[in-house]
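Structural overview
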Amino acid sequence: MNGQLPGDSLQMRALYILGEGGYGRIYGPRERADIAGLVDVYAELQTPESIAAAPEVLAPAEVMLSGWGAPRLDSAFLEAAPNLKLVLYGAGSLRRVVTEAFWASGIPISSAAAANADFTGDFACAQILMGLKGAWRYALRLREQGVWSREPVAAGLYGSVVGLVSLGLVAQRVARLLQRHDLKVIAWDPWVDRAVAERMGVTLMESLDEVFREADVVSLHTPLLDETRGLIGGAQLRAMKPAAVFINTARGALVREAELVQVLRERPDLYALLDVTSPEPPPPESPLRALPNVVLTPHIAGAQGRECRRLGRSMVDELRRFLRGEPLQHVLTRAGYARMA
């Protein structure tokens with residue numbers, strides 16, 4: 001047993017450590033009540049600022065409940081928290097949180113990345129279907145030009161090709177959702193075996209360029225790493241089919257923005273649906289704000305509103321598994337971290 005079940009006299013001691021905004025969004029009254037029934041939350045909410053001022057509060061902590069606004073888990077933090085046995089991170093990327101010292105500690109860390117990926121995948125799938133129907137084209141044409149028209153300007157759903165760039169958690173969700181439609185799904189991901197992709201209903205392509213040439217809609221899901229920065233440029237975008245759609249719900253820096261703008265000016269038939277940019281938001285003078293074939297949304301693909309409570313709920317479930325001595329379902333490995341956005 002890693003801990004004690006409710007009712008035991010010696011519950012594990014736990015602490016919420018994250019930003020105040022993240023705490024309120026992720027851990028609602030139900031989540032906090034369930035956590036209080038599982039562990040002894042022995043102090044009020046702590047933030048990176050409060051533990052910097054009084055690190056001694058960390059000493060009894062065996063479980064850390066966290067999320068957006070988490071402190072960096074460096075050697076100083078670990079020295080102040082000698083009893084720490086589990087970190088639960090109720091959000092997605094841990095890029096700003098995990099350190100070499102933390103990996104060396106061997107403490108397990110679980111994140112809500114999978115739950116967040118479901119919401120991002122749902123949003124991306126909706127954008128794919130809207131793109132195939134030409135919905136944004138019609139809506140913007142009506143608003144800006146006063147043109148009421150159903151003249152075919154998009155591929156439609158039947159028999160179309162959807163291209164996915166990378167097959168991580170988000171893209172896997174998208175692939176599952178698209179299986180209910182009469183579409184062909186292709187993808188490029190050099191890390192994924194062809195047989196694995198086929199089990200997802202996805203045809204793996206040999207090159208990134210093939211995806212852009214063959215797809216009616218291309219949806220980008222690559223993590224931002226040193227080797228993927230600027231992955232997408234003018235050559236791929238310029239090769240897209242007439243009236244094709246490019247969607248980015250991953251990271252803005254994956255795309256060479258100046259080249260994207262140039263291609264969109266050259267090819268008014270193409271549309272870009274961008275939930276992320278670099279920088280974010282784009283500056284007032286950015287052409288992305290004014291181009292008629294660009295739709296910008298303010299990084300909303302991931303958990304929003306009540307959806308954030310699903311992230312907290314996944315951490316409650318993970319805490320129960322830990323206390324029962326069951327395998328954690330969302331534990332992050334070092335290899336997984338290396339490919340995380």
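Residues numbered from 1 in each chain as written. Predicted model: local features only at pLDDT ≥ 70, side-chain atom pairs only at ≥ 80, totals over all residues. Heavy atoms only, no water.

1. Quick word on the overall build of the protein
A count of helices and strands for the protein gives 14 helices and 12 strands. Taking 341 residues into account, the globule formula puts the C-alpha radius of gyration at 20 Å, and the protein, at 22 Å, falls close to it. Along the first, second and third principal axes, the C-alpha set of the protein runs to 70 × 45 × 35 Å. Counting only contacts in the protein whose residues sit at least 6 apart along the sequence, the fraction spanning at least 24 positions is 67%. (Helix = DSSP H or I, 4+ residues; strand = E, 2+ residues; numbered from the N terminus. Rg over C-alpha atoms; globule rule 2.2 N^0.38 Å. Contact = heavy atoms within 4.5 Å.)

2. Digging into helix α2 (residues 29–38)
For α2, the set of buried residues is Glu31, Ile35 and Leu38. Viewed end-on, α2 has its buried residues packed into an arc of 60°, placing them on one side of the element. Counted as exposed and oriented over 90 degrees from the buried face of α2: Pro29 and Arg30. Considering only its buried residues, α2 is in contact with β1 (13–16), α1 (20–26), β2 (40–41), β3 (63–66) and α13 (307–324). (Buried < 20%, exposed > 50% of the residue type's maximum accessible area, 1.4 Å probe, protein only. Arc of directions from axis to C-beta.)

3. Observations concerning the packing of helix α6 (residues 113–133) against helix α8 (residues 169–178)
Two elements in contact, α6 and α8, have axes separated by 8 Å at closest approach and are oriented at 50°. Here α6 lies oblique to α8, going by the angle between them. Of the two elements, α6 crosses α8, and the hand of that crossing is right-handed. In this structure, α6 uses Ala113, Ala114, Ala117, Asp118, Thr120, Gly121, Asp122, Ala124, Cys125, Ile128 and Leu129 to contact α8, whose residues at the interface are Leu169, Val170, Arg173, Val174, Arg176, Leu177 and Leu178. (Axes fitted to C-alpha atoms, helices over the stretch in contact; angles between N-to-C directions. Parallel < 35°, antiparallel > 145°, perpendicular 65-115°, else oblique. Left-handed = near helix turned anticlockwise from the far one by under 90°.)

4. Concerning unusual backbone geometry
Each neighbour pair has its own omega, and for Ser278 with Pro279 the value is 0°, a cis peptide bond. A cis geometry characterises the amide bond from Glu280 onward to Pro281, with omega recorded as 0°. In this fold, Pro281 is placed in the loop between β11 (271–274) and β12 (294–296). Positive phi, normally seen in glycine, also occurs at Ser166, with a value near 85°.

5. Some remarks on the sheet that holds β12
The strand order across the open sheet built from seven strands is β8-β7-β6-β9-β10-β11-β12, with neighbouring strands paired in parallel fashion. Because the sheet does not close on itself, it has two edges, and the strands there are β8 (203–204) and β12. Inspection of the sheet shows strand β6 (residues 161–165) paired to strand β7 (residues 184–188) by five bridges, in the parallel sense. Paired with Val165 across the two strands is Trp188, which belongs to β7. Sitting on the sheet, α6 touches β6, β9 (217–220), β10 (245–248) and β11, and the angle it makes with β9 is about 160°. (Pairing = 2+ DSSP bridges.)

6. Quick word on the environment of Arg267
Within the secondary structure, Arg267 sits in the loop between α12 (257–266) and β11. Remark: the alpha-carbon pair of Arg267 and Tyr16, spanning 251 residues in sequence, is separated by 50 Å. Other than its neighbours up to four places away in sequence, Arg267 contacts Leu237, Arg238, Met240, Lys241, Pro242 and Asn293. A polar atom in the side chain of Arg267 sits 3.0 Å from the backbone oxygen of Arg238. A distance of 3.1 Å separates the side chain of Arg267 from the backbone oxygen of Met240, its partner in a polar contact. (Polar contact = N/O pair within 3.5 Å; in protein donor to acceptor, adjacent residues only side chain to side chain.)

7. Things to note about the pairing of β1
Where β1 and β2 come together, two bridges link them in parallel fashion. In the strand pairing of β2, Ala14 is matched with Val41. Here three bridges tie β1 to β3, and the two strands are oriented parallel to one another. The partner of Leu15 across the bridge, within β3, is Met64.

8. Regarding the side chain of Glu31
Topologically, Glu31 is positioned in helix α2. Taking relative accessible area as the criterion, Glu31 reaches 7% and is therefore assigned buried. Only 3.0 Å separates the side chain of Glu31 from the backbone nitrogen of Gly28, close enough to count as a polar contact. At 3.4 Å, the side chain of Glu31 and the side chain of Arg313 are in polar contact. Non-local contacts of Glu31, meaning those with residues more than four positions away in its chain, are made with Ile26, Arg309, Gly312, Arg313 and Val316.

9. With respect to the pattern of salt bridges
Inspection of every chain in the model, using the stated rule, returns 14 salt bridges. Lys241 is the salt-bridge partner of Asp216, the closest N and O atoms lying 3.5 Å from each other. Of this pair, Asp216 sits in the loop between α10 (208–214) and β9 while Lys241 is found in the loop between α11 (234–238) and β10, placing the two residues 25 residues apart along the sequence. Ionic contacts of the salt-bridge type, sharing partners, join the residues Glu31, Asp34 and Arg313 into one network. (Salt bridge = Lys/Arg side-chain N within 4 Å of Asp/Glu carboxyl O.)

10. Describing the packing of aromatic side chains
Here a ring pair, both rings aromatic, is described through the centre-centre distance and the interplanar angle of the planes. Counted according to the given criterion, the structure contains four aromatic pairs. Three or more aromatic residues link up through ring pairs in this structure, and these residues are Tyr16, Tyr23 and Tyr27. The ring of Tyr42 has Arg13 sitting right over it, with the charged end atom 4.6 Å from the ring centre. Residue placement shows Arg25 over the ring face of Trp68; its charged tip is 4.3 Å from the ring centre. (Phe/Tyr/Trp six-rings, centres within 6.5 Å; stacked < 30°, edge-to-face > 60°. Lys NZ or Arg CZ within 6 Å of the ring centre and 35° of its normal.)

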